[in-house]
Amino acid sequence: MQNVEITALYAGLCALLVMALAFRVVSFRRGRQVGLGTGGDRDGEIRIRTHANAVEYIPLALILMLIAEINGLAPLWLHCIGGTLVIARLLHALGLVGGKGGYHPGRFFGTALTWLVIIALAVIDIASVF
């Protein structure tokens, strides 16, 4: 069986980020005694969307990365892609919070880099079939 240590590294780092974002949601809900949703609080909405956005994009990127690693993509490329993904998701989270849900360079570049990673991996995985 093939090791997939590189994807494992970035999956672990992304998991820690998702858990940190989840902790922020739980802290908000406990502090404001909100069982579900945001209770109309803008800060809660931002925290929830920051966590949800990570959960929406990270799994797809990691699945594509895992396929690329199994198919033999060079370790250097995998580290470049994985590192970019982690940086992108951190930028997005910081930007969404820092911009209070509005425009922020971190949010913009985090989104752009995340999309770039996903598109690049999709092309790599499709190309590996041919």
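Shown above is the structure to which this text applies.
Reading the values: the criteria
- Residues numbered from 1 in each chain as written.
- Predicted model: local features only at pLDDT ≥ 70, side-chain atom pairs only at ≥ 80, totals over all residues.
- Heavy atoms only, no water.
- Helix = DSSP H or I, 4+ residues; strand = E, 2+ residues; numbered from the N terminus.
- Phe/Tyr/Trp six-rings, centres within 6.5 Å; stacked < 30°, edge-to-face > 60°.
- Buried < 20%, exposed > 50% of the residue type's maximum accessible area, 1.4 Å probe, protein only.
- Core = buried A, V, L, I, M, F, W, Y, C linked by side-chain atoms within 4.5 Å.
- Contact = heavy atoms within 4.5 Å.
- Polar contact = N/O pair within 3.5 Å; in protein donor to acceptor, adjacent residues only side chain to side chain.
- Axes fitted to C-alpha atoms, helices over the stretch in contact; angles between N-to-C directions.
- Parallel < 35°, antiparallel > 145°, perpendicular 65-115°, else oblique.
- Nonpolar A, V, L, I, M, F, W, Y, C, P; charged D, E, K, R; others polar.
- Lys, Arg positive; Asp, Glu negative; His and termini not counted.
- Salt bridge = Lys/Arg side-chain N within 4 Å of Asp/Glu carboxyl O.

> Tell me what's going on with unusual backbone geometry, and back it up with residues and numbers.
Even without being glycine, Q33 reaches a positive phi, approximately 55°. Counting through the fold element by element, Q33 comes out in the loop between α1 (5–32) and α2 (42–70).

> Now, about the packing of aromatic side chains: what can you tell me, with residues and values included?
The relation between two aromatic rings is expressed through the spacing of the ring centres and the mutual angle of the planes. This model, assessed by the stated rule, comprises two aromatic pairs. Taking the centre distance of 6.5 Å and the plane angle of 45° together, the rings of Y103 and F108 count as tilted. Assessed through its relative accessible area of 63%, Y103 is described here as exposed. Judged by relative accessible area, F108 falls into the partly exposed class, the value being 45%. Members of the aromatic cluster, each reached through a chain of ring pairs, are Y103, F108 and F109.

> Tell me what's going on with the nonpolar core, and back it up with residues and numbers.
Of all hydrophobic cores here, the largest spans 21 residues; its most connected members are C14, I58, M65, L85, V117 and L121. Those elements giving two or more residues to this core turn out to be α1, α2, α3 (75–98) and α4 (105–127). Apart from the residues within four sequence positions on either side, C14 is in contact with I58, L62, L85 and V86.

> Tell me about the environment of Y10, and name the residues and values.
Its place among the elements puts Y10 in helix α1. Ignoring anything within four residues of it in the chain, the contact list for Y10 reads L62, M65, L78, H79, G82, G83 and V86. Separated by 2.9 Å, the side chains of Y10 and H79 make a polar contact.

> A description of the packing of α1 against α3 should follow, citing residues and the corresponding values.
Contact geometry for α1 and α3: axes closest at 9 Å, N-to-C directions at 10°. In terms of axis orientation, α1 runs roughly parallel to α3. Contact residues: α1 offers I6, L9, Y10, L13, C14, L17, L21 and R24, while α3 offers P75, L78, H79, G82, G83, L85, V86, R89, L90, A93 and V97. Classifying every residue of the contact of α1 with α3 by side-chain character gives 14 nonpolar, three polar and two charged.

> Tell me about the side chain of D125, and please be specific about residues and values.
Looking at the element boundaries, D125 is found in helix α4. Despite being buried, D125 has no salt bridge partner; R89 is the closest side chain of opposite charge, sitting 17 Å away. Not counting residues up to four positions away in its chain, the partners in contact with D125 are L64, I67 and A68.

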